[in-house]
Amino acid sequence: RTTMQELSGSAGWRWVCQLYLERTPNFRTIQDREARLRLKTIRLIHEVVVEWGSRLGVTQAKKLRLDGSVTETNIHYPTDSGLLDDAARVLSRLVHQARELLQPRSAADKLWFRDRHRQAHHLARDISRLSRSKAKNTAKSSLKLYKKLLEVVQALLTQVAEIQPRLRQLHDPSADGLNESLDHYLPLVQRVIAQTQTRVLHGKPAAASDKVLSLFEPHTALICRGKAKPKDTEFGRKVWYAEVDGGLVSEYRLLKGNPDEAPLLIPSLRYHCQIFGKPPEEVCGDRGIHSANNEQQAEALGVNHVSLPQPGYKSDRRRNHERQPWFRTAQRFRNGIEGRISQLRRARHLDRCLAHGEVGMERWIGWGIIANNLATIAQFLIKHQRYVPLSAS
């Protein structure tokens, strides 16, 4: 939408996009065309931009700094009552659509198409109020409400089990699409019910990797990185960044869950060698990337200076090693990636992904990195008063 608005009001942008006096496409047309690009294509575009920056002299690819960050998914704060409310809302909406297709006539048949969303929403609202109340004996009242809310959602599952066979008998494209939606949401709703019963009714904590945090963004992970509140717990996906000297982000990677960062160093070094044809002279990261194996493998790949601070207790030999001037200089260079990630989150909107699904998130991050690298190249050309001939572009 922003692209369409800029194109409509700027002759300069129309010239850049080679539209000239032609009609500006609708923003939905732009969205549909962008959605046709595969993730592999976006990564190839990113590689071309990085290669272009290297040829123009933006980077010498002699230094590499690495760090991870979190891009949040566009969800509300996940609570058991909120997820059950979402489940009731989605299933009730799909049941209503099934009613329009199946056209029940008898009163007994119409009961299978009952909308239970309002009842579930009122129960979830009462649970939320009790959780904020300072009155005594709220735990028992909350438990009763949770049981009622679970019964409502389970009743909807029973309705869906009765409706789905009827939809399959229609042999209609609309009915087939509705069945696909039900098949997608039913396992997620069942997992939400199971984790609520485990945590609320039985008082047992559920594993973070097994939790469903959103019905609409089920790939969302619960990530705790030891940060201060309110960022002590984040809901989204962890992203791994590699940046070379000159400010180009040479690599981005969407990670599953909250993995250890140490095993990511060597693959990033190999990717750097693949893109630039040579290993970096210097690689640096924070304490989370350090391991003796990482230092040995990095040196074996041809890295001269490996600056990875050791966490915890340090021997005198290790302390003297980290006090060397080159090590401290590399750590000062490493600090710059914190600013780069901050810029990506603020200026490129990588703090929160508004696209849907895991594929949508990777596309969102990919375009953000490409935009950042193009801006970095443009700033370099302006600073050095250079231009790119049309033959090179």
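Residues numbered from 1 in each chain as written. Predicted model: local features only at pLDDT ≥ 70, side-chain atom pairs only at ≥ 80, totals over all residues. Heavy atoms only, no water.

Enquirer: Describe the packing of helix 7 (residues 117-132) against helix 8 (residues 138-170), with residues and values.
Expert: Helix-helix packing: each pair is described by the crossing angle between the helix axes and the interaxial distance. Their axes nearest at 9 Å, the elements helix 7 and helix 8 cross at an angle of 160 degrees. The pairing of helix 7 with helix 8 is recorded here as roughly antiparallel in orientation. As helix 7 runs across helix 8, the sense of the crossing is left-handed. Where helix 7 abuts helix 8, its residues Q119, A120, L123, A124, D126, I127 and L130 lie against T138, S141, S142, L145, Y146, K148, L149 and V152. The residue makeup of the contact of helix 7 with helix 8, split by class, is nine nonpolar, four polar and two charged. (Axes fitted to C-alpha atoms, helices over the stretch in contact; angles between N-to-C directions. Helix = DSSP H or I, 4+ residues; strand = E, 2+ residues; numbered from the N terminus. Parallel < 35°, antiparallel > 145°, perpendicular 65-115°, else oblique. Left-handed = near helix turned anticlockwise from the far one by under 90°. Contact = heavy atoms within 4.5 Å. Nonpolar A, V, L, I, M, F, W, Y, C, P; charged D, E, K, R; others polar.)

Enquirer: Before we move on, could you go through the pattern of salt bridges and cite the residues and values that matter?
Expert: Overall, the coordinates contain 21 salt bridges when judged by the stated rule. E34 is the partner of R363 in a salt bridge, and the nearest nitrogen-oxygen pair spans 2.9 Å. Placement of the pair is R363 in helix 15 (residues 357-383) and E34 in helix 3 (residues 27-35), with a sequence separation of 329 residues. Accessibility expressed as a relative area gives 26% for E34, which makes it partly exposed. Here D80 makes a salt bridge to R199, at a shortest N to O gap of 2.3 Å. Here D80 is found in helix 5 (residues 80-102), whereas its partner R199 is found in helix 9 (residues 173-201), with 119 residues between them in sequence. With a relative accessible area of 41%, R199 lands in the partly exposed category. What emerges from the salt-bridge pattern is a single network uniting E295, K314, R318 and E322. (Salt bridge = Lys/Arg side-chain N within 4 Å of Asp/Glu carboxyl O. Buried < 20%, exposed > 50% of the residue type's maximum accessible area, 1.4 Å probe, protein only.)

Enquirer: Summarise the packing of aromatic side chains; cite the residues concerned and give the values.
Expert: Tallying each qualifying case throughout the model produces three aromatic pairs. When the centroid spacing of 5.2 Å and the interplanar angle of 85 degrees are considered together, the rings of Y77 and F235 count as edge-to-face. Taken together, the residues Y77 in the loop between strand 1 (63-73) and helix 5 and F235 in strand 3 (residues 234-244) connect sequence positions 158 residues apart. Owing to a relative accessible area of 11%, F235 belongs among the buried residues under this scheme. Summarising the aromatic geometry, the rings of W326 and F327 are spaced 5.5 Å apart at their centres and angled 65 degrees between planes, so their arrangement reads as edge-to-face. (Phe/Tyr/Trp six-rings, centres within 6.5 Å; stacked < 30°, edge-to-face > 60°.)

Enquirer: Break down the side chain of S307 for me, citing the residues and quoting the values.
Expert: With respect to the helices, strands and loops of the structure, S307 is situated in strand 6 (residues 305-307). At 3.4 Å, the side chain of S307 forms a polar contact with the backbone oxygen of F327. Among the polar contacts made by the side chain of S307, one reaches the side chain of Q331 at a distance of 2.8 Å. Those residues in contact with S307, other than ones at most four positions away along the chain, are V283, C284, G285, W326, F327, A330 and Q331. (Polar contact = N/O pair within 3.5 Å; in protein donor to acceptor, adjacent residues only side chain to side chain.)

Enquirer: Let's hear about the side chain of H272: which residues, and what values?
Expert: Note that H272 resides in helix 10 (residues 265-276). In terms of polar contacts, H272 uses its side chain to reach the backbone carbonyl oxygen of A61, at 3.3 Å.

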